[in-house]
Amino acid sequence: MKLQRIEAGEYLTPDGRFYVRNTYYSNGLPGRSNTTKGWLIEDKSGLTPFQVSSNQKSKLRRVDTLQQAREIIAVVMECDRNEQTLRDARWRKQDNAQPPGVCWLSPYTGKLLTRSEALLELNLMS
C-alpha cells in the first residue's frame, strides 16, 4: 500500500480516505500527548469502524509499526473491492444477518453466503 507523506509522522492514502500518523508527533508536540509509541489509522470516510472490543467500534486503530498500518489498509481496501465486485454482479448484502458474516444473498441460488463463499460462487457461475 502506497502512502503519501504529508509531514513528519503523517501519511495519507492517494485517495485521501485513510490518514496515518505517528503518535510521537501528536498535536505537534513530539512525545508530549502520548507516552506510547505507535501509529494511528483513521478512516476519514467513516466506512470502516475498527473493532475495539466485542461491542465497541472506533474510527481509529492503533498499531505498532507503519508497515502494520499499510497491511491493514490494504486488507480493508481489498475487502471493499470484493464487496463492490459482488454488488456489481447483482448480489445483495443483508443487514444484521444471522449468523454474523453470512450476509450475501446469491442471485443464483437464493442462499445467504459469506463473502469468500459468494466470491467463489461468483467465479464459478461467470
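Residues numbered from 1 in each chain as written. Predicted model: local features only at pLDDT ≥ 70, side-chain atom pairs only at ≥ 80, totals over all residues. Heavy atoms only, no water.

1. Thoughts on the overall build of the protein
How we decide: Numbering of helices and strands runs from the N terminus; a helix is a DSSP stretch of H or I covering at least four residues, while a strand is a stretch of E covering at least two. Here, residues are in contact when the closest pair of their heavy atoms is within 4.5 Å.
Within the protein, the secondary structure is distributed over two helices and ten strands. Element order for the protein, N to C, with α for helix and β for strand: β-β-β-β-β-β-β-α-β-β-β-α. Relative to all contacts within the protein whose residues are 6 or more apart in sequence, the contacts with residues 24 or more apart total 32%.

2. Quick look at the sheet that holds strand E2 (residues 10-12)
Here is the rule we go by: When DSSP finds two or more bridges between a pair of strands, those strands are recorded as paired. The axes used here are C-alpha line fits, helices contributing only the stretch in contact, and every angle between their N-to-C directions lies in the interval 0 to 180 degrees.
Strands sit in the order E1-E2-E3-E4-E7 across an open sheet of five strands; the sheet is antiparallel. With partners counted over all chains shown, the strands left at the sheet margins are strand E1 (4-7) and strand E7 (60-63), one partner each. Strand-to-strand twist across the sheet, computed as the mean angle between neighbouring axes with direction ignored, equals 25°. With three bridges joining them, E2 and strand E3 (residues 18-22) adopt antiparallel strand pairing. What sits directly across from Leu12, in E3, is Tyr19. The strands touched by helix H1 (residues 66-88) are E2, E3, strand E4 (39-43) and E7; relative to E3, the strand with the most contacts, the crossing angle is about 165°.

3. Things to note about helix H2 (residues 115-125)
Our working rule: Think of it in three bands: residues with accessible area under 20% of the maximum for their type are buried, residues over 50% are exposed, and the middle band is partly exposed, with areas taken using a 1.4 Å probe on protein chains only. Here the arc refers to the set of directions running from the helix axis out to each C-beta atom.
Where H2 is concerned, the buried positions are Ala118, Leu119, Glu121 and Leu122. One side of H2 carries all its buried residues, which in axial view fall inside an arc of 165°. Every exposed residue of H2 that faces more than 90 degrees away from the buried side is listed here: Ser116, Leu120, Asn123 and Leu124. Contacts from the buried residues of H2 go to H1, strand E9 (104-105) and strand E10 (112-113).

4. With respect to the packing of H1 against H2
For any two helices packed against each other, the geometry comes down to the angle between their axes and how far apart the axes lie. What counts here: Any angle that falls under 35 degrees is termed roughly parallel, while one over 145 is termed roughly antiparallel, one within 65 to 115 roughly perpendicular, and all others oblique. We call a crossing left-handed when the near helix sits turned anticlockwise from the far one by less than a right angle, and right-handed when that turn is clockwise. Residues were grouped as follows: Ala, Val, Leu, Ile, Met, Phe, Trp, Tyr, Cys and Pro as nonpolar; Asp, Glu, Lys and Arg as charged; and all remaining residues, including Gly, as polar.
Following both chains from N to C, one finds H1 and H2 inclined at 50°, their axes separated by 10 Å at the closest point. Classed by the angle they form, the pair H1 and H2 counts as oblique. Seen from above, H1 lies across H2 with left-handed handedness. Between H1 and H2, the residues in contact are Cys79, Asn82, Glu83, Thr85 and Leu86 and Arg115, Ala118, Leu119 and Leu122, respectively. When grouped by side-chain class, the residues that make up the contact of H1 with H2 number five nonpolar, two polar and two charged.

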